[in-house]
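One letter stands for each residue in the lines below.
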Amino acid sequence: MDLITVDNLSKCFRIYPSRRHKLASLFGMESSKHCIHKWALKQISFSIAAGESVAIVGRNGSGKSTLLKLICQTLRPTEGQITVNGRIGALLELGIGFHEELSGRENVYISGQLLGMSKQEIDQHIENIINFSELREYIDVQLKKYSSGMQMRLAFSVATALRPEILIVDEALSVGDAYFQHKCFDRIKEFQALGTSLLFVSHDPLAVKTLCDRAILIDKGIMLADDNPAAVLDYYNALIANAENNKISIDEGVRSGSGEAKLTAVDIFNENEPAQVVLSGSKIKLRVSYQIMEKIPDLTIGFLIKDRVGNEVFGSNTYLLQKTPPFVQGGQYQVVFELPDFRLAAGSYNISVALHSSYHHLSNNYDWWDHAATITVISEQVFAGVVRLDTQYCELI
Ligand SMILES: Nc1ncnc2c1ncn2[C@@H]1O[C@H](COP(=O)(O)OP(=O)(O)OP(=O)(O)O)[C@@H](O)[C@H]1O
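Residues numbered from 1 in each chain as written. Predicted model: local features only at pLDDT ≥ 70, side-chain atom pairs only at ≥ 80, totals over all residues. Heavy atoms only, no water.

### Some details on the pattern of salt bridges
Here is step 1 of the chain: Evaluation of the coordinates by the stated rule reveals 12 salt bridges.
Here is step 2 of the chain: Note that R136 and E127 form a salt bridge whose closest N and O atoms lie 2.9 Å from each other.
Here is step 3 of the chain: Between R287 and D267 there is a salt bridge, with its nearest N and O atoms 3.2 Å apart. Residue R287 is located in strand β14 (residues 282-292), and its partner D267 is located in strand β11 (residues 261-270); the two are separated by 20 residues in the primary sequence.
Here is step 4 of the chain: By relative accessible area, which is 25% here, R287 ends up partly exposed.
Here is step 5 of the chain: Through salt bridges with shared partners, a single network forms among E52, R214 and D226. (Salt bridge = Lys/Arg side-chain N within 4 Å of Asp/Glu carboxyl O. Helix = DSSP H or I, 4+ residues; strand = E, 2+ residues; numbered from the N terminus. Buried < 20%, exposed > 50% of the residue type's maximum accessible area, 1.4 Å probe, protein only.)

Rendered as structure tokens:
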């Protein structure tokens, strides 16, 4: 039997020019011609069988959260139907149903009841919830004193206090620290082994491949693919790569910064030759050219390499390398970062560079150049993951 059936589902939001117009519409005093109709989802159909785990992937604003909210019935469809057979445990936006002024414990009761638990069930499980969240010391402290990671711990612990037939998780896990994320994934896998279906929104390809046996790709509210995770992620990557290429040709990457120092060029060299395509494991040089416009107290030059889906692969800066680049006012300089053993997996990567002060670009960001350069890696060796680590095989007899 299908646990979830989504049939020809569409959702249209009305966006009003002002609160006055919106209020008037609630009392039937405003005609709909004054509002913009925004179709967040159009004619989506799929079903999820018991025990299946399905990822919803797509770019920002593609309609993923809207779809989950419709399935959880916190939104109503404009057209189409959703049938759900089974208890849902949902972790949607962080802190849904949470009240900042109330304590963690009080929020457990409110949020638990919103998830369909009775007060008796919450009484029975509150100790487990507190134990799992590892927030005993803070449980009677007001929620506004919690970090977002602590709120996530509490929200996940409540949503999974009882094993649901369908567990719905919308990105929230990315807020938590690595230790708690592992704990959440373990619980999700435990539930899956017991027959829980998972509906999971994530931008993390590894999590999608690990947790799901199927993926659905949504773009601009339209369902583009429903297939195995590897095939759908390939499609998704191609979509992003297309958008990236278009973006780069239009504005050559996103720039920000106060302007006291300016990046003028970023060039890649492979074995001393300018290159855009490099062999995994070869020697790469990243040459950063910059100009010091005004007097600055100190200077750090940094770079960050990201893969096509935006995962940070590697970054470093002159502060971490304990080097001080030249920064005399009016000077034009070039520095080179040498990466003698660039062992990334085959694929396309983009490089962002920044001029700032001290360790982090958040203090005195002089110039930040997102997507300053793109590099394609080809590899003769096949391996899993993003980086080839030295591996030795030993036989113990
Ligand atoms: N309450 C709302 N009123 C008006 N427009 C909305 C509302 N909620 C969502 N939208 C719009 O609907 C579209 C889909 O939004 P949604 O949040 O579902 O996307 P998403 O895929 O979850 O994005 P992200 O990955 O950034 O979370 C977006 O264009 C968004 O601006």
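After presenting the structure, the write-up continues.
### A word on the sheet that holds strand β4 (residues 79-84)
Here is step 1 of the chain: The sheet built from 3 strands is open, its strands ordered β2-β1-β4 with antiparallel pairing. Looking at the sheet topology across the chains shown, the edges are occupied by β2 (36-49) and β4. Neighbour to neighbour, the strand axes of the sheet diverge by 20° on average, direction disregarded.
Here is step 2 of the chain: In this fold helix α2 (residues 64-71) packs onto β1 (2-15), β2 and β4, with an angle of close to 120° to the strand it touches most, β1. (Pairing = 2+ DSSP bridges. Axes fitted to C-alpha atoms, helices over the stretch in contact; angles between N-to-C directions. Contact = heavy atoms within 4.5 Å.)

### Concerning helix α3 (residues 104-114)
Here is step 1 of the chain: Within the sequence span of α3, burial applies to G104, N107, V108, Y109, S111 and G112.
Here is step 2 of the chain: Phi for G116, located one or two positions after α3, is positive at around 95°.

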